[in-house]
Amino acid sequence: MYNVMIVDDEHVIQLSLQKLLTKRKDAFSVIGIAEDGKEAIQLLEKHSIDLIITDICMPEMDGLELIEAANKIDPNIKFIIISGYNDFNYAQKAIRFGVSDFILKPIVPEQIFTTIDNIYRQMKKYESSYTKHNDWVLLLETYKKEIIEYIWQFNEDKAHEKISTIIEGHHKLQNNPFSLSQLLENLLRDIENELINRNLNLPQRLPEDMKWPDTMDMIIKRAKHEISYLINTIKGLRNLGSRQNILKSVKYIKENFSKEELSLQEVAGIIGVSEAYFSRSFKEEMNISFKKYLIKLRMTKAKEMIIDSKMNITNIAFKVGFSDYPHFSKTFKKYYGLTPIEFRKQVEKDGLLSKQE
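Here is a short report on the structure shown in this document. Note that the coordinates shown come from a computational prediction; the quantities given were computed from them, not determined experimentally.

**What about the packing of aromatic side chains?**
Within a pair of aromatic rings, the relevant descriptors are the distance that separates the centres and the angle that separates the planes.
And then number 1: Applying the stated rule across the entire model yields 14 aromatic pairs.
And then number 2: Aromatic pair Phe282 and Phe290: ring centres 6.1 Å apart, planes at 75 degrees, arrangement edge-to-face.
And then number 3: Given a relative accessible area of 0%, Phe282 falls into the buried group.
And then number 4: Here the aromatic rings of Phe282 and Tyr293 are separated by 5.5 Å at their centres, their planes lie at 70 degrees, and the arrangement is edge-to-face. Highlighted residues: Phe282 in helix H11 (residues 275–286) and Tyr293 in helix H12 (residues 290–308), separated in sequence by 11 residues.

**What to know about unusual backbone geometry**
And then number 1: Even without a glycine there, the phi angle at Phe154 is positive, about 65 degrees.
And then number 2: Counting through the fold element by element, Phe154 comes out in the loop between helix H5 (109–152) and helix H6 (156–172).

**Some words on the nonpolar core**
And then number 1: Grouped together as the largest cluster of nonpolar side chains are 30 residues, with contacts concentrated most on Ile253, Val267, Phe278, Phe282, Phe290, Phe328 and Phe332.
And then number 2: Secondary structure elements with two or more residues in this core: helix H9 (242–256), helix H10 (264–271), H11, H12, helix H13 (313–319), helix H14 (325–336) and helix H15 (340–350).
And then number 3: At 7 residues, H12 tops the list of elements feeding residues into this core.
And then number 4: Listed in part, the 29 residues of the second largest apolar core include Trp152, Leu184, Leu188 and Ile191.

**A word on the sheet that holds strand S2 (residues 28–34)**
The pairing of strands in a sheet happens through backbone hydrogen bonds and is either parallel or antiparallel.
And then number 1: Taken together, the 5 strands give an open sheet; going across it, the order is S2-S1-S3-S4-S5, and neighbouring strands pair in parallel fashion. In this open sheet, the two strands that pair with only one neighbour each are S2 and strand S5 (101–104). The mean inter-strand angle of the sheet, taken between neighbouring strand axes irrespective of direction, is 20 degrees.
And then number 2: Where strand S4 (residues 78–83) meets S5, 4 bridges bridge the pair, whose relative direction is parallel. The residue bridging Ile80 from the neighbouring strand is Asp101, located in S5.
And then number 3: Of the strands in this sheet, strand S1 (2–7), S2, strand S3 (51–55) and S4 touch helix H1 (residues 11–22), which is tilted by about 170 degrees from S2.
And then number 4: Relative to S2, helix H2 (residues 37–44) is tilted by about 130 degrees, and along the sheet it contacts S1 and S2.

**Notes on the pattern of salt bridges**
Working definition: two side chains of opposite charge can pair if their charged atoms are close together.
And then number 1: Evaluation of the coordinates by the stated rule reveals 8 salt bridges.
And then number 2: Here Glu141 makes a salt bridge to Lys144, at a shortest N to O gap of 3.3 Å. Within this pair, Glu141 and its partner Lys144 are both found in helix H5, separated by 3 residues, close to a single helical turn.
And then number 3: Since its relative accessible area comes to 36%, Glu141 is described here as partly exposed.
And then number 4: Measuring nitrogen to oxygen at the nearest pair gives 2.6 Å for the salt bridge that ties Glu266 to Lys259.
And then number 5: Note on Glu266: relative accessible area 21%, which makes it partly exposed.
And then number 6: Overlapping salt bridges, with partners in common, bring together Glu141, Lys144 and Asp190 in one network.

**A short note on helix H3 (residues 63–73)**
And then number 1: Inspection of H3 places Gly63, Leu64, Leu66, Ile67 and Ala70 among the buried residues, and these make up the whole buried set. End-on, the buried residues of H3 take up no more than an arc of 150 degrees, which puts them together on one face.

Rules and cut-offs
Residues numbered from 1 in each chain as written. Predicted model: local features only at pLDDT ≥ 70, side-chain atom pairs only at ≥ 80, totals over all residues. Heavy atoms only, no water. Phe/Tyr/Trp six-rings, centres within 6.5 Å; stacked < 30°, edge-to-face > 60°. Buried < 20%, exposed > 50% of the residue type's maximum accessible area, 1.4 Å probe, protein only. Helix = DSSP H or I, 4+ residues; strand = E, 2+ residues; numbered from the N terminus. Core = buried A, V, L, I, M, F, W, Y, C linked by side-chain atoms within 4.5 Å. Pairing = 2+ DSSP bridges. Axes fitted to C-alpha atoms, helices over the stretch in contact; angles between N-to-C directions. Contact = heavy atoms within 4.5 Å. Salt bridge = Lys/Arg side-chain N within 4 Å of Asp/Glu carboxyl O. Arc of directions from axis to C-beta.

In structure tokens form, the structure reads like this:
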């Protein structure tokens, strides 16, 4: 149902229009009545209005001034002008302001019904188109995220399939504000920016490398070529920088091992690779898994603190990334054969540390 405001300084006209609109109560609801443009603007600032039926000649602010002011508040409002003057100049000016219809007094019910029925159909069509467009925008965002992950995982076939799905969806959407080349260019630019945000140092390309062709077949071919280019570039960057990235990750782990929440996902993100790739590369390079390396580092640091300081054991647990002392004690014992407290007593007793690593 759409909200209607009636603006007319004649009480009889107000009542007549209200009565006529009740015949279309499933489509329209009168929620505001004003005697002039100024009063109408005040109501418009308080209520959401879809259709304004207004007289031309009114005190304070006439119909055309009202339309001009109302358009600034909400450009989607539709207007019907009712006037007792058969003035072509008014009609021309009204059309320039986007008025849907221009009706002369005395009001003929059939003409009103025809006019509001036409407007209702226009509104429903626009609403449907607007909903479809919004749904498409949300769907595009989902597709974009999927393509980014396919690229990240080197899944070229799946990424190309998703590009084809986007192209099909673009063809089906009516009144699309973007051409296919614009849509794909914007999409791929967003994808590149997202990959860069993942700490991926993509090479900068010249403007002429980014020009899009004109024909449909070449546009589709170009989009898929861009996907392949990104995948091959990322493969090259990962292979060339594999050892350097692992060394960078080790440095980061050593600097942040005290963070309880330090995870494989976080470190992979720091060096700009997928979790699966980082996990595999780390083990190949370090000959130990990320998880085991982190535990070993924490236990080594904990042992050093127990030996070299009088710090409370619970505080030491916090310092090496454990907020749960029982878990820390259990892990330490599994690693060294003694609980942290037992280990400290042994150190104090012997005056040196037995080599139990």
